[in-house]
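Letter by letter, the chains look like this.
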Amino acid sequence: MLFALAALYAPAAFGEEMTRFELEDRVQEEEDTTDVTWMNDTSGVDTIEYRAVDLVYDVEKSTFNLNNSAQLKYRTATLDADTIFFDQENSMLVASGEPVLRETKNPSLSGMRLKYNMKSRIGEIYYATTYQDNQQLNGMEVRRLPDTRIQIARGDFSTCNDSTHQHFYFYGRRMVVKPKETITARPVVLNIADVPVAVLPIIVSPLKSGRRSGLLTPKFGGDQKQGFYMRNLGFYYAPNDYWDATLKGDIIEGEEGRFERSTLTGEVRYKMRYLLDGRISYTSYLEEFDLANSGYDIQFTHNQNLTPDGRNTLSGSGSFVSSQSIRKDKALDAETILNQQANAQLTYSGKFGTNKSLTVKARQTHNLVTNMMEREIPDIQFRMSGPLFNFELDEDEAASEDGSIETYLEKFNYSFTNRANVYTRRALDSLNNVDTTAKYYGYTGNYSLDYSGSLFDVINLTPRASFAGYWTGRSWINPEDSAKYRKARTSLEPTEGHFGEVAYNHDYSLTADTKLYGIWVPEIGRFTGVRHVLSPSVSYTYAPEIDTVKTFVSHPLLGQRPYQIEQKTVGFGLNNDFDLKYLKVVGHKPDSTKGDTTKAVEDQYGTRRLLTTRHSTSYNFAADSLRFSDISSSFGLQVLPDYMFTVRTTHSFYHKYTDQPTKIRIPELTSWSYELSRAFHWNGQFNAGLPSQMGKYEMLKWSFGFDYRYTFSSTRVARDLFKDNISHSTEISATFQPTVNWEMTYRTRYDYNEGRFVTHAFTFNRSLHCWQLDFSWTPTGPAAGWSFSIYVKELPDIKLNAGSTDTKNTSY
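**Q** Lay out the environment of Thr462 in plain terms, naming residues and giving numbers.
**A** Tracing the chain through its elements places Thr462 in strand 32 (residues 459-472). Residues Thr462 and Tyr451 lie 11 residues apart in sequence; the distance between their C-alpha atoms is 5.5 Å.

**Q** If you had to explain the pattern of salt bridges to someone new, which residues and values would you point to?
**A** Side-chain pairs of opposite charge can arise where the charged atoms are in close proximity. A full pass over the atoms with the stated rule returns 18 salt bridges. We note a salt bridge from Glu267 to Arg279, for which the minimum N-O separation is 2.8 Å. Here Glu267, found in strand 20 (residues 262-272), pairs with Arg279, found in strand 21 (residues 276-287); they are 12 residues apart in sequence, far enough to count as distant. Notably, a salt bridge pairs Glu376 with Arg363, separated by 3.1 Å at the nearest N-O pair.

**Q** Which residues make up the nonpolar core, and what values do they have?
**A** Formed by 39 residues in total, the largest nonpolar core has its most connected members in Leu79, Ile84, Leu93, Leu114, Ile152 and Phe168. What Leu114 contacts, discounting residues up to four positions off in sequence, is Leu79, Leu93, Val94, Ala95, Pro99, Leu101, Glu124 and Ile125.

**Q** With reference to specific residues and values, describe a nonpolar patch on the surface.
**A** Taken together, Leu215, Phe235, Tyr237, Tyr242, Trp243, Val268, Met272, Leu275 and Ile280 make up a surface patch of nonpolar side chains, about 780 Å² in accessible area. Elements represented by at least two residues in the nonpolar patch include exactly strand 18 (227-237) and strand 20. Within the fold, Tyr237 resides in strand 18. Classification of Tyr237 by relative accessible area gives partly exposed; the value is 38%.

**Q** So what's going on with unusual backbone geometry? Residues and values would help.
**A** Put simply, Ile377 and Pro378 share a cis peptide bond, and its omega is -5°. The backbone of Ser69 sits at a positive phi, close to 60°, despite the residue not being glycine. You can see Ser69 is positioned in strand 3 (residues 63-74). We note that Glu98 has phi near 55°; this positive angle belongs to a residue other than glycine.

**Q** Tell me about the packing of aromatic side chains, residues and numbers included.
**A** Applying the stated criterion to the full structure yields 29 aromatic pairs. Geometrically, the ring pair formed by Phe416 and Tyr447 is edge-to-face, given 6.1 Å between the ring centres and 65° between the ring planes. Residue Phe416 is found in strand 27 (residues 412-426), and its partner Tyr447 is found in strand 30 (residues 438-451); the two are separated by 31 residues along the sequence. Accessibility expressed as a relative area gives 28% for Phe416, which makes it partly exposed. We classify Tyr447 as partly exposed; its relative accessible area is 30%. When the centroid spacing of 4.6 Å and the interplanar angle of 35° are considered together, the rings of Tyr746 and Phe762 count as tilted. Remark: Phe762 occurs in strand 48 (residues 756-768) and Tyr746 occurs in strand 47 (residues 742-751); sequence separation between them is 16 residues. Taken together, Phe645, Trp672, Tyr674, Tyr710 and Phe712 form an aromatic cluster joined through their ring pairs. Arg474 extends its terminal NZ or CZ atom over the ring of Tyr440, reaching a point 5.0 Å from the ring centre. Just above the ring of Tyr605 sits the side chain of Lys581; from NZ or CZ to the centre is 4.8 Å.

Procedures and definitions
- Residues numbered from 1 in each chain as written.
- Predicted model: local features only at pLDDT ≥ 70, side-chain atom pairs only at ≥ 80, totals over all residues.
- Heavy atoms only, no water.
- Helix = DSSP H or I, 4+ residues; strand = E, 2+ residues; numbered from the N terminus.
- Salt bridge = Lys/Arg side-chain N within 4 Å of Asp/Glu carboxyl O.
- Core = buried A, V, L, I, M, F, W, Y, C linked by side-chain atoms within 4.5 Å.
- Buried < 20%, exposed > 50% of the residue type's maximum accessible area, 1.4 Å probe, protein only.
- Contact = heavy atoms within 4.5 Å.
- Patch = residues over 30% accessible without salt bridge, like charges linked within 9 Å, V, L, I, M, F, W, Y side chains within 5 Å.
- Areas by Shrake-Rupley, 256 points an atom, 1.4 Å probe, with all protein chains shown as cover.
- Phe/Tyr/Trp six-rings, centres within 6.5 Å; stacked < 30°, edge-to-face > 60°.
- Lys NZ or Arg CZ within 6 Å of the ring centre and 35° of its normal.

In structure tokens, the structure reads:
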């Protein structure tokens, strides 16, 4: 541990994760560009203002003494002390009795004695103290040079602002501080509670904020599972404001001492406002430092506006791994181990005009548990839709009158959708040890034309004609065989004259729907009415029989239907909505005859959905049997203002598990389901029972979260038997402060199916003034274990870590 703390402050340049010594004013004042340091200001008049209770002036020697609450003002500086001695002839200023020097653009300095030569502009303060941005710098002898540098002899530095006793500090015999730039010291001793714990020969650290290139601050430690480790060994490079790069390595001993989990990581980040941003990282898992045989994990994100108007964009994200088990075997954190999906996608999206869009995608999904991989490279979609006839009017033209040919033509609408896809699916048949990789080429084009009309201005009529064309690059070798024995081949071989298979289909439909309203006005208390909206619909669909391309292999992602069965289907739909109207705010009209001068308020009404139902079924006249489709229904009940409880059911006219499964009967229930889910969150404060400095009581924060989820589905599997599927769990989280400095968080999830709490997580945080203590404990589940850390708030690299995490006892 002593060696780890010492190495944290080795000579370093700039880096993102470096410890920074920011020496800014504790109380930030607005910067005045007209002010300059009093030691370097050669402009203006050398006028000295002074005052004191007792003043002694020696005319012959040109000296004077200011005693008892003395103050001297010179240009932009103010010096307060018990006694101030000024020698005008030699331009020497001496102050004693706890002098305090305040300047506009420099931090204040206080000490026991101050000397300043106004000619050489060199000043010294003995036993000095200065504060900047919650940081304290002390020195036995502090000398400020004309070039603004500060030399400190036998000084110390700390971010602890406890004026009575610092909890930690860095001590150095010689320090040179260049304000807001760098600090150099040698030698340096880290003291914790006045106990020296680390020694370094020299330290060079930046004081500037912002991104700077340089070495990263390494981290050292160890635990029972990882063994000894050295992390964050590397370099940070920031050439400009638009991109940066990091190269770092983690050397981890591992349980067996073979350094089998060491890693080398490179990351590049880039960002240009309104144009692009993203990152790409490459992690190499070194097996005993063998770079040639190491595994990798690549992750990336990218977002880019290709045109200034944002209508053409390129975006993507994802990850790639070298092997199926790389994360499970090599990663150390639970989040990476549990992420068993290596998915990636890159998408171009373009919008043209008001009704055209183009999307080009490259996508891959890789399940690291089953090793199933799917690729879509590329996936191209083009869409356009809108009115078939668009009659644009000039400024001096009037709109067409109702009944004209233009008003009818404007009601024609079209939709045109194209999609081309190359799809590869790789799955290993472990039972037969056969690679079942298949590659599909396909195209689907859909075109529809519809008309929006009405009958008697009451019934909405929508005739529609739809056409679809398909192309595939695969063909059945033996299409007459059963699905079990059929085999497919790639039929896209232009050199041999094979260009795949083509198919098409078309259908036509007519839909009529309307809405019927019923209103009941009971006027009971604040309930002023109930509205019932009945929405019936009837449709007719005709599709001719198409069965001409038996060798056509459908693309699994393009919805291709090369074999169309004749269809003469009448569809029925019925929706019911019940809404409640109630009085939210009672209105008020002032009575001027009685001197009522209050402002008039109108009645305000609100509505709430009480009940909603949806039902649909159809009948196919062209089918030889089972002409009725299932009746699909849903019933929604508004139990809370923002929550609707919904039950979904399916009924069938045909009783499948009887001797006559094709006979029409009274509809019987075949499946039903519902879901209950609700999350509640509360937070507030409670009285700690301890009075604060202002005479009030300390108020401590608390929060509580309750997330309940119940999902139920039941499906008929026999004549009188249903199979139920239930998912039932509750998640609870609670945070509270038992004291002002302690904070505790507890999270758990209870699975009612298993009858136990499946996860627990405890977190304890303790503020130790300038230090912070964190302790977390996960009793069960993935990555069960505990971790403990105590670190400096302003310098989190100064920390003590301990923990034990079982990353191998993981299930998916």
